[in-house]
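Each chain, letter by letter, is given below.
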Amino acid sequence: MKRWLLWLFALLTLAGTATAQSKPPVVLAAASLQESMNAAADAWAKRGHVRPTLSFAASSALARQVAAGAPADLFVSADVEWMDDLYRRGLLAPGSRTNLLGNRLVLVAPVDSKIRVALRPGVDLSRALNGGRLAMADPDAVPAGRYGKAALTRLGAWDRVAPSVVRAENVRAALALVERGAAPMGIVYATDAKASAKVRVVGIFPAASHPPIVYPIARLKASRNVDGERFRRFLTSPAGKAIFVRYGFSTR
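Residues numbered from 1 in each chain as written. Predicted model: local features only at pLDDT ≥ 70, side-chain atom pairs only at ≥ 80, totals over all residues. Heavy atoms only, no water.

Points about the nonpolar core
One recurring pattern in soluble globular proteins: nonpolar side chains tend to sit buried together. What counts, and what does not: For the purposes of this section, nonpolar cores are sets of buried Ala, Val, Leu, Ile, Met, Phe, Trp, Tyr and Cys residues that join through side-chain atoms within 4.5 Å. Exposure is judged per residue with a 1.4 Å probe applied to protein chains only, and the accessible area is read against the type maximum: over 50% gives exposed, under 20% gives buried, and values in between give partly exposed. Contact between two residues is taken to exist if any of their heavy atoms lie within 4.5 Å; hydrogens are not considered.
By size, the foremost hydrophobic cluster in this structure holds 64 residues, and its most contacted members are Leu33, Leu107, Leu125 and Leu134. When near neighbours in sequence (up to four residues on either side) are disregarded, Leu134 contacts Leu107, Leu125, Leu129, Leu152, Val161, Ser164, Val165, Val166, Met185, Gly186 and Ile187. Counting 13 residues, the second largest nonpolar core, distinct from the first, contains Leu28, Ala57, Val66 and Met83.

Here you go:
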């Protein structure tokens with residue numbers, strides 16, 4: 001009887017340990033990271049780890065979820081401002097924040113469009129739109145929209161084109177509007193354009209026309225999943241960064 005109880009105790013202990021170890025870390029990542037982060041999660045799983053649970057949305061929406069207490073382990077933002085917001089709230093694990101990736105901002109049109117735009121000071125996007133709409137992520141909150149508004153303002157085009165802007169909830173929603181032909185042009189990241197066979201780049205915004213596009217990553221202070229920190233270290237390693245480079249990102 002005693003031997004049986006010891007065996008049962010050992011079995012339950014092993015089962016409990018396996019359950020704790022098999023719980024996947026939860027990663028909240030900017031919408032523009034869908035393909036690359038999924039590839040990174042697949043690579044991590046191939047190394048014998050439990051594949052992380054990935055949730056994609058606008059960085060603004062994800063940061064608000066974290067602030068509201070949503071359970072998660074890692075946050076990857078498409079700009080530093082939303083990461084700064086969580087830092088000020090004391091929600092980041094000390095020493096875990098680092099700048100991971102960079103990107104470029106581009107103007108896209110449907111793949112069969114004949115539009116081409118020289119994105120330089122004085123550009124008149126309203127004329128190029130010819131009565132159509134310009135799709136972009138919400139310029140008041142979403143990083144891609146903020147970068148886009150800054151670039152258009154610097155080029156002297158924002159005031160004229162603002163009435164034609166369709167504000168999408170995130171950069172992938174803006175891309176989808178152009179893919180469907182609902183908007184003749186849209187502002188997205190270069191990596192979004194690279195991920196779609198339905199659009200083509202018709203203009204590249206000068207890097208100096210907007211703040212640097214930076215994707216910071218951090219572990220959340222409330223995280224108790226040890227694999228969350230391990231996955232963060234993998235993403236910031238040369239092997240992890242190489243995955244993002246394949247999808248068109250630059251690394252930091």
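That was the structure; now back to the text.
Some remarks on the sheet that holds strand β2 (residues 53–57)
This is how the line gets drawn: At least two bridges found by DSSP between two strands are what make those strands a pair. Helix and strand labels come from DSSP, where a helix needs a run of H or I of at least four residues and a strand needs a run of E of at least two; each type is numbered from the N terminus. Note on method: axes are straight lines fitted to C-alpha atoms, helices fitted across the in-contact stretch only, with angles between N-to-C directions ranging 0 to 180 degrees.
Read across the open sheet, the six strands follow the order β2-β1-β3-β10-β4-β11; overall the sheet is mixed. In this open sheet, the two edge strands, each paired with only one partner strand, are β2 and β11 (250–251). Strand direction decides the pairing type here: strand β4 (residues 98–102) and β11, joined by two bridges, are antiparallel. Counted as the bridge partner of Gly102 is Ser250 from β11. Seen against the sheet, helix α4 (residues 80–88) touches β3 (74–76), β4 and β10 (214–219) and runs at an angle of roughly 25° to β10.

Some points on the sheet that holds strand β5 (residues 105–110)
Strand order in the open sheet formed by five strands is β7-β6-β8-β5-β9, and the pairing between neighbours is mixed. Two strands bound the open sheet, and with one partner strand each, they are β7 (165–168) and β9 (199–204). In this sheet, neighbouring strand axes are inclined to one another by 35° on average, regardless of whether the strands run parallel or antiparallel. Packing of helix α6 (residues 143–154) onto the sheet brings it into contact with β5, β6 (134–137) and β8 (185–189), and relative to β6 it is tilted by some 125°. Sheet strands in contact with helix α8 (residues 171–179) are β5, β6, β7, β8 and β9, and its direction is about 145° off that of β8.

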